[in-house]
Amino acid sequence: SVMTDLQPAIPLLAQNAELALGEPGKDCNYIVSELLWGQDITFRERIAPVDVVIGADILYIDEVTDDLVQTLHLLCNKNTVVYMAYGKIYKPAPVRTSLFLQVEIDLP
């Protein structure tokens, strides 16, 4: 498993992962790492393709949607399952509503 976030959240993510799963590599095989959408193309070489992508409350800034699509292209293939969730209050912009259609159409 690979868990990602931006650098400021990595210590808390790592702590929560260890509390839930145990020590990485000893009790459970997982990685906690920073991932910058649209920028970290070397991340693919380390983990892609992935089987499942789970994102929660990540679709709230319209300006990063293209970066998310680019990153999903790097990490996914046609067999990858992607789950995304957001709160009831959030109203997705039309560009995000079509996000996954764009990813699915463009995947190799």
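Keep in mind it's a predicted model, so treat the numbers as computed, not measured. (Residues numbered from 1 in each chain as written. Predicted model: local features only at pLDDT ≥ 70, side-chain atom pairs only at ≥ 80, totals over all residues. Heavy atoms only, no water.)

## Remarks on the overall build of the protein
- Along its length, the protein carries 5 helices and 4 strands.
- When its helices and strands are written in sequence order, the protein yields β-α-β-α-β-α-β-α-α.
- Within the protein, the fraction of its 108 residues that count as buried is 24%.
- Within the protein, contacts between residues separated by at least 24 positions form 72% of all contacts whose residues are at least 6 apart in sequence.
- Summed over its atoms, the accessible surface of the protein is roughly 7500 Å², and 56% of this surface lies on carbon and sulfur atoms. (Helix = DSSP H or I, 4+ residues; strand = E, 2+ residues; numbered from the N terminus. Buried < 20%, exposed > 50% of the residue type's maximum accessible area, 1.4 Å probe, protein only. Contact = heavy atoms within 4.5 Å. Areas by Shrake-Rupley, 256 points an atom, 1.4 Å probe, with all protein chains shown as cover.)

## Structural notes on the environment of Thr65
- Along the chain, the position of Thr65 falls in helix 3 (residues 65-75).
- Along the chain, Thr65 and Gly38 lie 27 residues apart, while their C-alpha atoms are 9.5 Å from each other.

## Re the confidence of the model for the protein
- With 77% of its residues at a pLDDT of 70 or more, the protein has an overall mean of 78.
- Averaged over each element, pLDDT in the protein is lowest for helix 4 (residues 94-97) (50) and highest for helix 1 (residues 10-21) (94). (pLDDT = per-residue confidence, 0-100.)

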